[in-house]
Each structure stands twice: as C-alpha cells, then as structure tokens.
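Remarks on the overall topology
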Amino acid sequence: MAKYSDEFRLAVVQYYLAGNGSTRTADHFSISDSLVRRWVTRYRLHGESGIKRRKHTTKYSVEYKLEAIRPVTGQGMYQKAAADQLNLPDCSILLQWLRLYRLNGINGLKPKP
C-alpha cells in the first residue's frame, strides 16, 4: 500500500497552490518540502493523473524507452525533468533505462526473454 492516498496528495497540492510555500505546506502536512515540490510539479504538468498512485505496473515498449532517454542523451535535459515530463512514477526508471542503453545500446532496452 502506498504511504499517501490520492486525496492527501491533492490536498497538499491545493494547499500549496492557495499561496502557501513548499516549506509551510510541508510543515502543515508533516512531509518533506521536496515531496511537496515533486507533487506540485507533476500536478502542473499532468493534472490529477500526475499525482495519483499507480494501480498496476506499466510495461513500456522499446520505442517508448528510446524516446524517453533521447532528451537526456541528445538534448542535455535533466533526468528528473524528463521523468516528470513523461509522468514516470519514479526517476529511477529512466536512470535504469539510461544505464542499460549506455551499456548495451538498444538491445539493453529490450525485455528479457
């Protein structure tokens, strides 16, 4: 079970958007200010779907993974920014794809048999 419900996440974002800073919001809800900023960023990029918990594991195609890492490898975009833009559940997914691609090229992005 996830630590924070969708309702809690939305309440945090709404409190912040009502004019409270990330530190005040974090103190009010007893969470870290980096978590507040992450949820607000994802909410601004994707709306409520950006802060909702995932109910299942998503399988990503090789083409999607390649397109996901391209802004980082080719354009110098920060990994966290790319993950937020793609609405990936966690930046570590993108980091793993980058590592596999750098080690094995496109074959590293293919699913294991």
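Counting restarts for each chain: residues are numbered from 1 in the order of the written sequence. In view of the model being predicted, local features appear only for residues whose pLDDT reaches at least 70, and side-chain atom pairs are presented and counted only at 80 or more, with totals across whole chains, interfaces and linings using the full set of residues. For the side-chain quantities, the full set of heavy atoms in the structure was used; hydrogens and water were omitted.

The next point concerns the overall build of the chain. Note on conventions: DSSP H or I runs of at least 4 residues are helices, E runs of at least 2 residues are strands, and numbering of each starts at the N terminus. Per the secondary structure count, the chain includes 6 helices and 0 strands. For the chain, the α and β elements follow one another from N to C terminus as α-α-α-α-α-α. Counting only C-alpha atoms and orienting by the principal axes, one finds that the chain spans roughly 45 × 30 × 20 Å. Looking at the 113 residues of the chain, the share that counts as buried comes to 33%. Counted over contacts in the chain with a minimum sequence separation of 6, partners at least 24 positions apart contribute 58%. Surface exposure of the chain reaches about 7500 Å², of which carbon and sulfur atoms provide 51%. Positive charges come from Lys and Arg alone, negative charges from Asp and Glu alone, with His and the N- and C-terminal ends not counted. Lys charges are placed at NZ, Arg charges at CZ, Asp charges at CG and Glu charges at CD. Here the chain contributes 19 positively and 9 negatively charged side chains, and the mean placements of these two sets differ by 6 Å. Residue burial is assigned from relative accessible area. The probe radius is 1.4 Å, only protein chains are included, and a residue is buried under 20% of its type maximum, exposed over 50%, and partly exposed in between. Contacts are residue-level and defined by heavy atoms, with any inter-residue pair within 4.5 Å sufficient. Method for areas: the Shrake-Rupley scheme with a 1.4 Å probe, in which residue coverage is limited to the protein chains shown.

Let's shift gears to the confidence of the model for the chain. Mean pLDDT for the chain: 88, with 98% of residues reaching 70 or above. A score between 0 and 100, pLDDT records how confident the predictor is in each residue. Across the chain, the secondary-structure element scoring lowest on mean pLDDT is helix H5 (residues 79-86), at 84, and the one scoring highest is helix H2 (residues 22-29), at 96.

A few words now on the environment of Gly74. Tracing the backbone through its elements, the reader meets Gly74 in helix H4 (residues 62-75). Taking C-alpha positions, Gly74 is 12 Å from Leu98, a pair spaced 24 residues apart along the chain.

Phi at Ser30 takes a positive value of approximately 60°, unusual for a residue other than glycine. Within the secondary structure layout, Ser30 lies in the loop between H2 and helix H3 (33-46). Residue Ser30 is classed as exposed on the basis of its relative accessible area, which comes to 65%. With a phi close to 60°, Asn87 is a non-glycine residue in the positive phi region. Relative to the helices and strands, Asn87 is located in the loop between H5 and helix H6 (91-104). For Asn87, a relative accessible area of 15% corresponds to the buried category.

Between 30 and 60 degrees the pair is tilted, below 30 it is stacked and above 60 it is edge-to-face, where a pair is any two Phe, Tyr or Trp rings, Trp via its six-membered ring, whose centres lie within 6.5 Å. Tallying each qualifying case throughout the model produces 8 aromatic pairs. Look at Phe8 and Phe29: their rings are 5.5 Å apart centre to centre, the planes differ by 90°, and that puts the pair in the edge-to-face class. A residue pair is termed long-range when its members are at least 10 positions apart, and Phe8 in helix H1 (residues 6-17) and Phe29 in helix H2 qualify at 21 residues. A relative accessible area of 19% places Phe29 in the buried class. With 5.1 Å between their ring centres and 75° between their planes, Tyr60 and Trp97 make a pair best called edge-to-face. A residue pair is termed long-range when its members are at least 10 positions apart, and Tyr60 in the loop between H3 and H4 and Trp97 in helix H6 qualify at 37 residues. Residue class for Trp97 comes out buried when judged on its relative accessible area of 5%. Connected via pairs of aromatic rings, a cluster forms that spans Tyr4, Phe8, Tyr15, Phe29 and Trp39.

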